[in-house]
Amino acid sequence: MPENTDISELPVAVIGAGPVGLAAAAELLERGLTPIIFEAGATPASAVASWGHIRLFSPWQYDVAAAARRLLASTGWQEPDAETLPTGAELHEQYLSPLAAVPAIADALHTSTRVLAVSREGLDKTRTGGRENTPFLLRVEDAEGAVTDYRARAVIDASGTWHTPNPLGQAGLRAVGETDAFEAGLITGPLPDVVGRDRARFAGKHVLVVGAGHSAANTLLALGELAEQEPGTRISWAIRSASANGVYGGGDLDGLPARGALGSRLRTLVADGRIELHTSFTITGFKASDTLAVIGNTPAGEKQLDVDLLVPATGFRPDLDLLREIRLDLDPAVEAPRELGPLIDPEFHSCGTVAPHGARMLSHPEKDFYIVGMKSYGRAPTFLMATGYEQVRSIAAALAGDQQAADDVQLVLPETGVCSTDLGGSCDAPADGAADAVSCCGVPEAEPEASSCCGAPEAAPEPAPAASSCCSAPEPQFLGIPTGLEHGRSAARER
């Protein structure tokens, strides 16, 4: 590091220009700090654009960050109706694109620029002396393959998990032949636009959807619509658990009507035989040719499904490779910051409360380095966008030296009154129905950098009685997990 470098004059690097990354940039600007933003996609929020056909469960009032709203107000931006549920495309077009176009953000934004690695200038992970006063070094690659090193005073990683879906095989591993099947084009990306831009790929085909979350439900419903219009379209659905009840949710009991309707419609398609459901199906291998043979273990022995296409809806996990030279402190199970991990671990957490959290809980041994957004939740499928907005508000305050504001973390979310499976699903949950039970009470995350939905107005230091929980079961037919006692996969196994 040159002796005359003042680290405080360097920008704060933001990795990812999705909703949480752009909110981070807005918070930094409001605090008088200079962001530099790296987005791997060709446009801001490219992951959101890829699932633009999906409608959010949460209305606009929970989808716009406060600092971004204030920044946009100066441009004459017209905020959408607070109670309307936007699609991903509307979120992108009416909020994220205008936010990215604000001159102060546009001047700092580098699209088609992938961050390859984050380190400290001149210091690898093992070097300690002078580390906290040494600039971060970010090595990036642009669309032409040119590699450039940038220096920063702090780093906020909001890169999400959209490009690192969970494997389809058991034990968190790819099944035999999975890579070959994907490369052959027989396994699609997540959340394809079945009745829109990807229609020709699915029409008249036998399609298998794998997964037990809302992304699976959305794809299955779209395939059901396609099958009514395109003769020969056949739909199969495979889940590892023994029941799909958790995916169906609470129907009319769900406080988010759009989400309750989703499960009810899916249940009808299965009951009518328009979707062939395979429960207790654990994928062990693939054989790719002109079609795809999907081999799985079931209680009745090995079974083979022959399909034309497979749509994965098995959730996501963080890409930590670019952070190998950063000193991280991660929960060993969910790969979230260590203090946050136990609060969101799906083995024990389903619905109820997650404490509002900010810079302190998200900190690592690497000073001024933070992971935020969906990536901060690691492998836990319970994140929501509003949580990310509060994360970056706190972090920007901490970087600006306002520790009191950084510590004053608050999060107000609607109570839905019903448990619901996560958007990403869980491919590797137990086969006794627990996978369908991994769920939560808040509004689902609005981007797959953004899977799902947990959160509550405030943390509960002690479990409340089940009857008083936001997810308690008012009627015997209620589907989901009552909170108040131990809950999550572990509790489901003990029943």
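Nothing here was measured: the structure is a model prediction, and the numbers come from that model. (Residues numbered from 1 in each chain as written. Predicted model: local features only at pLDDT ≥ 70, side-chain atom pairs only at ≥ 80, totals over all residues. Heavy atoms only, no water.)

1. Remarks on the overall build of the chain
Which entries qualify depends on this criterion: By definition, any uninterrupted DSSP run of H or I lasting at least four residues is a helix, any uninterrupted run of E lasting at least two residues is a strand, and each is numbered from the N terminus. Only protein chains enter the area calculation, which uses a 1.4 Å probe; residues under 20% of their type maximum are buried, those over 50% are exposed, and those in between are partly exposed. Here, residues are in contact when the closest pair of their heavy atoms is within 4.5 Å. The Shrake-Rupley method, run with a 1.4 Å probe, gives the accessible areas here. Residue values count only the displayed protein chains as cover.
Along the backbone of the chain there are 15 helices and 17 strands. Taking all 495 residues of the chain together, 57% fall into the buried category. Counting only contacts in the chain whose residues sit at least 6 apart along the sequence, the fraction spanning at least 24 positions is 71%. Only carbon and sulfur atoms are counted for the fraction: they give 49% of the accessible area of the chain, which is about 19,600 Å².

2. Describing unusual backbone geometry
With a phi angle near 50°, Ser112 is a residue other than glycine that sits in the positive phi range. On the basis of relative accessibility, which here comes to 24%, the residue Ser112 falls in the partly exposed class. For Glu335, which is not glycine, the phi dihedral falls at a positive 65°.

3. Looking at the nonpolar core
Note the cut-off: Here the nonpolar core consists of buried residues drawn from Ala, Val, Leu, Ile, Met, Phe, Trp, Tyr and Cys, with membership extended through side-chain atoms lying within 4.5 Å.
Counting 64 residues, the largest nonpolar core has Tyr95, Val372 and Leu399 as its most contacted members. The element best represented in this core is helix α13 (residues 385-399), accounting for eight residues. Not counting residues within four places of it along the chain, the set of residues in contact with Val372 comprises Val20, Ile156, Asp157, Ala158, Leu362, Gln391, Val392 and Ile395.

4. Considerations on the packing of helix α1 (residues 19-30) against helix α3 (residues 66-73)
Just so we agree on the cut-off: Axes, fitted as lines to C-alpha atoms, cover a helix only where it is in contact. Angles between the N-to-C directions of the axes lie from 0 to 180 degrees. Any angle that falls under 35 degrees is termed roughly parallel, while one over 145 is termed roughly antiparallel, one within 65 to 115 roughly perpendicular, and all others oblique. A clockwise turn of the near helix away from the far one marks a right-handed crossing, whereas an anticlockwise turn of less than a right angle marks a left-handed crossing.
One way to put it is that α1 packs onto α3 with a least axis distance of 8 Å and a crossing angle of 70°. By the angle between their directions, the pair α1 and α3 is classed as roughly perpendicular. In this structure, the crossing between α1 and α3 has a hand that is left-handed. Each of Ala26, Glu27, Leu29 and Glu30 in α1 lies in contact with α3, whose residues at this interface are Ala67, Ala68, Arg70 and Leu71.

5. A closer look at the environment of His357
Residue position: His357 is located in the loop between α11 (341-344) and α12 (359-362). It is 10.0 Å that separates the C-alpha atoms of His357 and Val392, two residues lying 35 residues apart in sequence. Not counting residues up to four positions away in its chain, the partners in contact with His357 are Leu340, Leu362, Tyr377, Thr387, Gln391 and Val409.

6. A word on the packing of α3 against helix α4 (residues 88-101)
Axis separation between α3 and α4 bottoms out at 10 Å; the angle between their running directions is 70°. Compared by their axis directions, α3 and α4 come out roughly perpendicular. In the packing of α3 onto α4, the handedness of the crossing is left-handed. Here Ala68, Leu71 and Leu72 of α3 lie close against α4, whose contacting residues are Tyr95, Pro98 and Leu99.

7. Quick word on the side chain of Thr298
Inclusion rule: Pairing of N or O atoms within 3.5 Å defines a polar contact, subject to two protein rules: one partner must be a possible hydrogen donor and the other a possible acceptor, and residues neighboring in sequence count only if both atoms are side-chain atoms.
Tracing the backbone shows Thr298 in strand β12 (residues 292-298). A polar contact of 2.6 Å, which involves the side chain of Thr298, links it to the backbone oxygen of Gly301.

8. Comments concerning the sheet that holds strand β10 (residues 276-278)
Selection criterion: Strand pairing follows a simple DSSP-based rule, namely that at least 2 bridges must link the two strands.
Taking strand neighbours across the sheet as the criterion, the four strands line up as β10-β9-β8-β14 in an open arrangement whose pairing is parallel. Unpaired on one side and paired on the other, β10 and β14 (309-312) mark the two borders of the sheet. Direction aside, neighbouring strands of the sheet carry axes that sit 20° apart on average. For strand β8 (residues 206-210) and β14, the ladder comprises four bridges, and the chain directions are parallel. Note on β14: the bridge partner recorded for Val207 is Leu309. Set on the sheet, helix α8 (residues 214-229) makes contact with β8, β9 (234-238) and β14; between it and β9 the angle comes to about 165°.

9. As for the sheet that holds strand β13 (residues 301-307)
Ordered in space as β11-β12-β13, the three strands form an open sheet in which the pairing is antiparallel. In the strand order of this sheet, the two ends are held by β11 (282-288) and β13, each with one partner. With direction set aside, neighbouring strand axes in the sheet form an average angle of 25°. In terms of strand pairing, β11 meets β12 through six bridges, oriented antiparallel. Paired with Ala288 across the strands is Leu292, a residue of β12.

10. Let's talk about the packing of aromatic side chains
This is how it is decided: Pairing of aromatic side chains requires ring centres within 6.5 Å, counting the rings of Phe and Tyr and the six-membered ring of Trp. Pairs whose planes differ by under 30 degrees are stacked, by over 60 edge-to-face, and all others tilted. Think of it as a cone above the ring: NZ of Lys or CZ of Arg counts as a charge over the ring if it is within 6 Å of the ring centre and within 35 degrees of the ring normal.
Taken as a whole and judged by the stated rule, the model has five aromatic pairs. Over the aromatic face of Phe136 sits the side chain of Arg120, whose NZ or CZ is 3.8 Å from the ring centroid.

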